[in-house]
Amino acid sequence: MSAPNVIECTLALGRRRRAAGMERSGEGPAPPVTEPSPRVPRSARRMALALHIETLIRSGTVSSYADVARLGHVSRARVCQILSLLQLAPDLQEQLLFLARPAHGREPLPFRRLLSIAAVLDWDEQRRRWRKLRRATKARA
């Protein structure tokens, strides 16, 4: 008979949360538990992605939007939807990038509503619609 194969490795398993001040065996006091940072809203991530895709296209790293869709495993239509956020006024793009995530519940700005604002070519009209959308979302919250 042949000798059995033995594989040894170290697994990094997550630690369980402990009560504050509870000591682990052989170590000092447990580090203080901090609140996890809030995630970035989807709308902000989509805006950042649109800016990143545009940068890739302009630098020549990616040759076309079709290549972006292929690399991202999404449809060309989805890439066009995301890139339509670039039609927003620059100040609205900035507000979208620094949008705060709500403490609970759904995201306040549905993508569909953002697309309807981006479809308007007049930036002043976009700003009016943006303010109206923000007022409506604040009233709901």
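Here the structure is a predicted model, which is why all the values come from computation and not from measurement. (Residues numbered from 1 in each chain as written. Predicted model: local features only at pLDDT ≥ 70, side-chain atom pairs only at ≥ 80, totals over all residues. Heavy atoms only, no water.)

Quick notes on the overall build of the chain
A tally of regular secondary structure across the chain gives six helices and zero strands. When the helices and strands of the chain are read in sequence order from the N terminus, they spell out α-α-α-α-α-α. Counting all 141 residues of the chain, 25% fall into the buried class. Contacts spanning at least 24 positions in sequence make up 58% of the contacts within the chain whose residues lie at least 6 apart. Looking at the chain as shown, the accessible area adds up to about 11,200 Å², and 55% of this sits on carbon and sulfur atoms. (Helix = DSSP H or I, 4+ residues; strand = E, 2+ residues; numbered from the N terminus. Buried < 20%, exposed > 50% of the residue type's maximum accessible area, 1.4 Å probe, protein only. Contact = heavy atoms within 4.5 Å. Areas by Shrake-Rupley, 256 points an atom, 1.4 Å probe, with all protein chains shown as cover.)

Here's the deal with the packing of helix H4 (residues 90-97) against helix H6 (residues 123-140)
For the pair H4 and H6, interaxial distance at closest approach is 9 Å and the crossing angle is 30 degrees. In this structure, H4 uses Pro 90, Asp 91, Leu 92, Gln 95 and Leu 96 to contact H6, whose residues at the interface are Trp 123, Gln 126, Arg 127 and Trp 130. (Axes fitted to C-alpha atoms, helices over the stretch in contact; angles between N-to-C directions.)

Focus on a positive patch on the surface
Where like charges cluster on the molecular surface, the positive patch consists of Arg 113, Arg 131, Lys 132, Arg 135 and Arg 140. Here Arg 135 lies in helix H6. Overall, Arg 135 belongs to the exposed group, its relative accessible area being 54%. (Patch = residues over 30% accessible without salt bridge, like charges linked within 9 Å, V, L, I, M, F, W, Y side chains within 5 Å. Salt bridge = Lys/Arg side-chain N within 4 Å of Asp/Glu carboxyl O. Lys, Arg positive; Asp, Glu negative; His and termini not counted. Charge placed at Lys NZ, Arg CZ, Asp CG, Glu CD.)

Details of helix H1 (residues 42-59)
Relative to the 26 Å expected for 18 residues at 1.5 Å per residue, H1 spans 25 Å between its end C-alpha atoms, a close match to the ideal helical length. Among all positions of H1, only Ser 43, Ala 44, Arg 46, Met 47, Ala 50, Ile 53, Glu 54 and Ile 57 are buried. Those residues of H1 that are buried lie in contact with helix H2 (65-72), helix H3 (76-83), H4 and helix H5 (111-118). Taken from the residues just after H1, Gly 60 is the one with a positive phi, measuring 90 degrees. (Expected span 1.5 Å × (residues − 1).)

Here we look at the confidence of the model for the chain
Taken residue by residue, the chain gives an average pLDDT of 82. The fraction at 70 or more is 71%. Within the chain, no element has a lower average pLDDT than H6, which sits at 90, and none a higher one than H3, at 95. (pLDDT = per-residue confidence, 0-100.)

Some remarks on the nonpolar core
Nonpolar side chains in soluble globular proteins tend to end up buried together. Counting 14 residues, the largest nonpolar core has Leu 85, Leu 88, Leu 96, Leu 109, Leu 114 and Trp 130 as its most contacted members. The biggest single contributor to this core is H5, with four residues. When sequence neighbours within four positions are dropped, the list of residues in contact with Leu 114 reads Ser 43, Leu 85, Leu 96, Leu 109 and Trp 130. Counting nine residues, the second-largest nonpolar core is a separate cluster that includes Ala 50, Ile 53, Val 68 and Val 79. (Core = buried A, V, L, I, M, F, W, Y, C linked by side-chain atoms within 4.5 Å.)

Section: the pattern of salt bridges
Applying the stated criterion to the full structure yields six salt bridges. Ionic pairing is found between Asp 124 and Arg 127, a salt bridge with its closest N-O pair at 3.3 Å. Pair noted here: Asp 124 and Arg 127 are both in helix H6, with a separation of three residues, about one helical turn. Classification of Asp 124 by relative accessible area gives partly exposed; the value is 43%.

Structural notes on H4
Taken together, the buried positions of H4 are occupied by Leu 92, Gln 93 and Leu 96. Down the axis, H4 shows its buried residues gathered within 105 degrees of arc, on one side only. (Arc of directions from axis to C-beta.)

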